[in-house]
Structures are given as C-alpha cells and as structure tokens.
Amino acid sequence: MPSIRLTLVNNAKQTQRSGVILKLDDSTLSDSVDNTILQEIFTLAKNKLRLKKAKTLFLTNGVELTDPRWLLDGRVAQDSLIYVSCGEGFVGTISKPASSVAQSNILDDQMTERKESASITVLARSSYVDPESIIQLNKTALLPGMQQVIGQPDLHPGNLYPIGASFITHKYIYPALIGNDIGCGMAFYKTKLSSNIKPQKIVDRLHGIEGRWQEGDPQSFLTSILGPDHAQTGSAHSDQLGTVGGGNHFAEFVIIEKLVDQDLCANFGLTESHTYLIVHSGSRRFGQTVLEEAASNMPGGTHKGIEADSDVGRTYLEQHDRACAWARVNRELIAHRVLSKLNSEESAEKILDIWHNNVERKQIEGLGDCWVHRKGAAPSDRGLVVIPGSRGHHSYLVMPQGSQNLNGFSLAHGAGRLLPRAKALQKRPQASKSSAITAMQTTDLGSSVICEDTNLLFEEQPAAYKDISAVITDLEPFVKVIAILRPICTYKMRKEERS
Ligand SMILES: Nc1nc2c(ncn2[C@@H]2O[C@H](COP(=O)(O)O)[C@@H](O)[C@H]2O)c(=O)[nH]1
Ligand SMILES: [Mn+2]
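- Where an unreviewed UniProt entry is consulted, the chain appears under the name 3'-phosphate/5'-hydroxy nucleic acid ligase, with the organism given as Basidiobolus ranarum.
- UniProt, in its Cofactor (unreviewed entry) section for the chain, records the words "Mn(2+)".

As structure tokens, then:
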C-alpha cells in the first residue's frame, strides 16, 4: 500500500510543525463525501498541532486541498508542507495563478476569485499571526488598484484594516488604510547622557511635558524647522505640538545592550557609553482632521479610495504631507522638551526619524508608478530603522539590506499587539491592589515606567505585545541587526496639565 510523508504546519504559527505518514489506498482516496483521508489529516492536526478547530488545508501555493486524489496523483508531492488553518486565510505568499498551476487544473472557486486580487504576502514564520488580521488583509487585496499586499511579522487586527502591513496600489490612494494618525513614526536620538544614568533621576526630572509647550512658541518652532511656507501648517493644533499623546505613544530612554555590527555602529557614532532616546508619536488631532476632511470630500467614503490624480486626491495628499511634516516636528519638540528636563537638549543628535503611517509615490521595477501605503510599517528604503519591542523588551536598530521587493520596501514597525487593549485591561487588578500597579511601573528588564493612568498602564503592558525576537527573526532576509537596545525609562503620561 503506498504512503505519503507530509509536514503539517500551523498556518497561523508556522514554526509549529509535525511530520506525519499517511497510508493511501483506494477506499481512503475516493472523492466521496466522507473524504476519509482528509479527515485523518484533520485528526492528526488536532492531536499533533493542538488545533482543535482545524478546518482548512492549504498547499504551499495557497490553494486549498479539497480533493484526496491529489495525494496520490502527484499534485501533492512526497514531503510536501500542508498548512492547517482554523478558518483564517492562507498565511504566505499567494502568487497570482501561474500557468503551471492552471494547467494542473486545481483552481478552485476561491483561487479563481483571487485572480482579480492583488498578491498577498505575509512575512510571518516565527511570529504569531491573529487569523482575524489575515481576513482583514485578504479584503484589502480586493480593493481597486491594489497590486501587492504585504503583512509584516507584527501584523495584527485593526478596527477594519490590519496594522503592520503595506499596500501597493496603482492610481488609487486609500486614506482609510493610513487612518487618523497620519505621519506617526519613530525618531531615535543619541544624547550626551551617560549610559550609567540612574533611571530614577530621569523619573524625577520628567515633569511638565504634558500640555502645551510653555517655554516657547510651538508654531515658531515648527516654521524654524519646516520654513515659512508652513506658517499655517496645523496651526489649529499648535497646543498639541510637542505632546506625546495616549495609546502606545512614548518617549523612551534606552542604552545599547549589544553592538552587533561594530563597523556600522561606528559609522553612526553609536557607542555603549551613551544613552539614547526613542520618540514614538504622530500628528495628534491634526491627522484626525485631515482624515475627516478627506471623508467629507469622498461621496463613497474613505474606504472606496480616491484617484491620486484627482482634485480630492491631490487635496488629501497635500494635507497628508503637511500632517507628516507636522508629526516629524512633533517628535522633534517632544525630544527637545524631554531632553531639556535633563539639561541635555543642546548636543543631542538625531540619528533617524521615520514615518510608519503614510502613503508615498514610488517607481517600482516591474510595477511602474505606484503608491506605497504603510499602516504600521517602517520604510526599508530610507536607511537605518529602529524597531521597538515594548517597554519591557528589547528594541532593535536594523539596516535594510538586499532586495526589498518581496516586503513591499517595508519592515515591521514594532512587535505588534498580541492582545487587544480590552483583553490586556482585564489583567488590571482591583483598585485595592496598589502593589500590582506599582509592580507595573518597573519592567522585567529593570526599567522604569512613567504612566499615571492605570488603564493605560495595563493596556500597554509588555505582555500585550508579540515576541520581538520572533519578529526580528522573520525580518532576517531583509535586514542586518546593528544594535540591540535595552529600555531604562519609558515616559507615557503624567496627570499634569494636558491639552
Ligand atoms: N520600546 C517600546 N516599544 C513600545 C512601547 N509601546 C509600544 N511599543 C512598540 O511600538 C509599536 C508601535 O505601534 P503603533 O502601531 O502604535 O505605531 C508597537 O507595535 C510595539 O511593538 C513602549 O512603551 N516601548
Ligand atoms: Mn505609531
């Protein structure tokens, strides 16, 4: 009796695999309703991969395995990988049906439908991927003009669209894919502070950075960087310029735990004897206003997209670019405010500032004139990138290398959420347990956390994020790690004057 060796792979967490051998005989291979052999694969998946709700089997090209005869006639080869899904879409690269696939006559309805869809790539092998984010990703691949959809290893579900993804379109732009925090990003500074600085000193000094910047005029600060053409840029929101904001925005002092690439670190002047500052923030209410204005100009709603080369498209892009510029200045003023509390603003050196929520035009070989949308995805075509883990995990400085085509010229912008906010909040103890709250203000890495909002403290706890080392492993084909960073103090918010 013939047999076939297969490796069953958990589609949502592809490091989880198990080898199996199946005996094949005519009765198990009949295509009758009971599909005995496929049932046997589901049972093995349940037992070996602990996938109690195993529902769908995919071949490596994303085609669903529905016909047991493929196991015998060579369409499923010896030692094939079979991806077992609990209802989520295929995680991996789905190429548009190649002629060889079409010839083998195994196109099912789903694949035929996908002929019209963009190619979908999910770059997660070691990282956990929530099935809901794959469903969201699949939907975006059907949007008009969509060419390529790329889920990064930090992919996780958003309200309607996934976060940790890039979307490459022809002709159309999608304000809703970018969302309201247009221009959100990460800046990384080298400070003159020694790496021996006591975190408590930072905690004691970081007061007075909530609310409007009082020590100067925010709008003049903005024009001093962007020039006089920006005198009106975001002027209605100048009370928020230089403010961190809520959610997972932060200003964090880190030290270099490991110089992985000595030469590149030396080129950027990165040494273990300094303290560095990461600032994560965006365009605050300004971005929200830009999205709302775009929505009011789009009769079909922002989800329908707009032609970039139309009046509405051009207006959105102009406002979008202003919000991105504003967000960059916002990070600059946050750094200035934070560092001035430590008398260290003068000699700080900005090493990088990147947007991870934006859309930009790019000529792409083989695709031509495109729009690259990034929703929680760092650019990999602008040099050095900082990829934060969480306040209780390491962060990574990486340099993109090699071809950046498959990843949509983008990288993970962080670890990505493992738990939705509401679930993370459930871990909040009763008010009486103040010791648990105090415990949250120090991390397992010994760093300090300034966060006077208890809900936020729990929503943003390190356990709410995926494993950053798995994310970095998944990015290996595209980057070189140059340094590993260790947090020493994270500023989230104080209950002081807020705008
Ligand atoms: N080093 C820190 N990293 C953090 C913190 N809070 C969140 N994060 C990481 O940043 C990204 C940002 O995600 P975004 O979608 O809001 O742009 C997130 O995925 C986490 O990995 C922190 O306090 N410190
Ligand atoms: Mn962000």
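Side note on the overall build of the chain
Part 1 of the argument: Of the regular secondary structure elements, the chain holds 14 helices and 21 strands.
Part 2 of the argument: Here the C-alpha atoms of the chain give a radius of gyration of 25 Å, agreeing with the 23 Å that 2.2 N^0.38 yields for 499 residues.
Part 3 of the argument: Expressed as lengths along the three principal axes of its C-alpha atoms, the size of the chain is roughly 80 × 55 × 50 Å.
Part 4 of the argument: Here the chain holds 499 residues, and the buried ones make up 56% of them.
Part 5 of the argument: Counted over contacts in the chain with a minimum sequence separation of 6, partners at least 24 positions apart contribute 76%.
Part 6 of the argument: For the chain, the computed accessible surface area is about 20,800 Å², with 49% contributed by carbon and sulfur atoms.
Part 7 of the argument: The average position of the 54 basic charges and that of the 55 acidic charges among the side chains of the chain differ by 5 Å.

Section: the sheet that holds strand β2 (residues 17-23)
Part 1 of the argument: Spatially, β2-β1-β4-β3 is the arrangement adopted by the four strands of the open sheet, whose pairing is mixed. Of all strands in the sheet, those with a lone pairing partner are β2 and β3 (56-58), marking the two edges. Strand-to-strand twist of the sheet, defined as the mean angle between neighbouring strand axes without regard to direction, takes the value 35°.
Part 2 of the argument: Here three bridges tie β3 to strand β4 (residues 80-85), and the two strands are oriented antiparallel to one another. In the sheet register, L57 faces β4, and the bridge partner there is V84.
Part 3 of the argument: Helix α1 (residues 36-48) rests against β1 (3-10), β2, β3 and β4 of the sheet, and its axis sits at about 150° to β2.

Some words on the coordination of the manganese ion (ligand 2)
Part 1 of the argument: For the manganese ion (ligand 2), every protein donor is listed as C184 (SG), H280 (NE2) and H356 (NE2), and the spread of their distances is 2.2 to 2.4 Å.
Part 2 of the argument: For the manganese ion (ligand 2), the donor residues sit on a single chain with the sequence spacing C-x95-H-x75-H. Linking C184 in the loop between α5 (175-178) and β9 (185-194) with H356 in the loop between β13 (349-355) and β14 (357-364), this pair joins segments that are 172 residues apart in sequence. H356 carries the same exposure label as C184, and that label is buried.

Overview of the packing of aromatic side chains
Part 1 of the argument: The full count for this structure, using the stated rule, is four aromatic pairs.
Part 2 of the argument: An angle of 5° between the planes, with centres 5.5 Å apart, marks the rings of F188 and Y276 as stacked. Of this pair, F188 sits in strand β9 while Y276 sits in strand β11 (residues 274-281); the two residues are 88 residues apart in sequence, bridging distant segments of the chain.
Part 3 of the argument: When the centroid spacing of 6.0 Å and the interplanar angle of 75° are considered together, the rings of F286 and W326 count as edge-to-face. Of the two residues, F286 sits in helix α9 (residues 284-297) while W326 sits in helix α10 (residues 311-340), which places them 40 residues apart along the sequence. W326 carries the same exposure label as F286, and that label is buried.
Part 4 of the argument: Above the ring of F409, the side-chain terminus of K362 is found at 4.6 Å from the ring centroid.
Part 5 of the argument: Looking at R417, its charged tip hangs above the ring of Y465, at a distance of 5.2 Å from the centre.

Notes on helix α7 (residues 218-226)
Part 1 of the argument: Within α7, burial applies to P218, Q219, F221 and L222. In a view along the axis of α7, the buried residues occupy a sector of 155°, so they form one face of it.
Part 2 of the argument: Considering only its buried residues, α7 is in contact with α10.
Part 3 of the argument: Backbone geometry just downstream of α7 places G227 in the positive-phi region, at approximately 95°.

What about the site of ligand 1?
Part 1 of the argument: Inspection of the region around ligand 1 gives 18 residues, with N248, E252, G389, H413 and A415 positioned closest.
Part 2 of the argument: Contacts to ligand 1 include S395, whose side-chain N or O atom sits 3.5 Å from a nitrogen atom.
Part 3 of the argument: In the model, an oxygen atom of ligand 1 is placed 3.1 Å from a nitrogen or oxygen of the G416 main chain.
Part 4 of the argument: For ligand 1, whose unbound accessible area comes to 510 Å², protein coverage reaches 95%.
Part 5 of the argument: Its residues placed into classes, the shell around ligand 1 shows five nonpolar, 10 polar and three charged.

Examining the pattern of salt bridges
Part 1 of the argument: This model, assessed by the stated rule, comprises 20 salt bridges.
Part 2 of the argument: Between D309 and R314 there is a salt bridge; the shortest N-O distance is 2.4 Å.
Part 3 of the argument: With its nearest N and O atoms 3.7 Å apart, the salt bridge here joins E459 to R421. Taken together, the residues E459 in helix α13 (residues 454-459) and R421 in helix α11 (residues 421-425) connect sequence positions 38 residues apart.
Part 4 of the argument: Its relative accessible area of 17% is what places E459 among the buried residues.

Thresholds, definitions, all that
Residues numbered from 1 in each chain as written. Chains lettered and ligands numbered in written order. Predicted model: local features only at pLDDT ≥ 70, side-chain atom pairs only at ≥ 80, totals over all residues. Heavy atoms only, no water. UniProt positions renumbered as here; feature names shortened; annotations may be inferred. Helix = DSSP H or I, 4+ residues; strand = E, 2+ residues; numbered from the N terminus. Rg over C-alpha atoms; globule rule 2.2 N^0.38 Å. Buried < 20%, exposed > 50% of the residue type's maximum accessible area, 1.4 Å probe, protein only. Contact = heavy atoms within 4.5 Å. Areas by Shrake-Rupley, 256 points an atom, 1.4 Å probe, with all protein chains shown as cover. Lys, Arg positive; Asp, Glu negative; His and termini not counted. Charge placed at Lys NZ, Arg CZ, Asp CG, Glu CD. Pairing = 2+ DSSP bridges. Axes fitted to C-alpha atoms, helices over the stretch in contact; angles between N-to-C directions. Donors = N, O, S within 2.8 Å, 3.2 Å for Na, K, Ca; no water. Phe/Tyr/Trp six-rings, centres within 6.5 Å; stacked < 30°, edge-to-face > 60°. Lys NZ or Arg CZ within 6 Å of the ring centre and 35° of its normal. Arc of directions from axis to C-beta. Near = heavy atom within 4 Å. Polar contact = N/O pair within 3.5 Å; in protein donor to acceptor, adjacent residues only side chain to side chain. Nonpolar A, V, L, I, M, F, W, Y, C, P; charged D, E, K, R; others polar. Salt bridge = Lys/Arg side-chain N within 4 Å of Asp/Glu carboxyl O.

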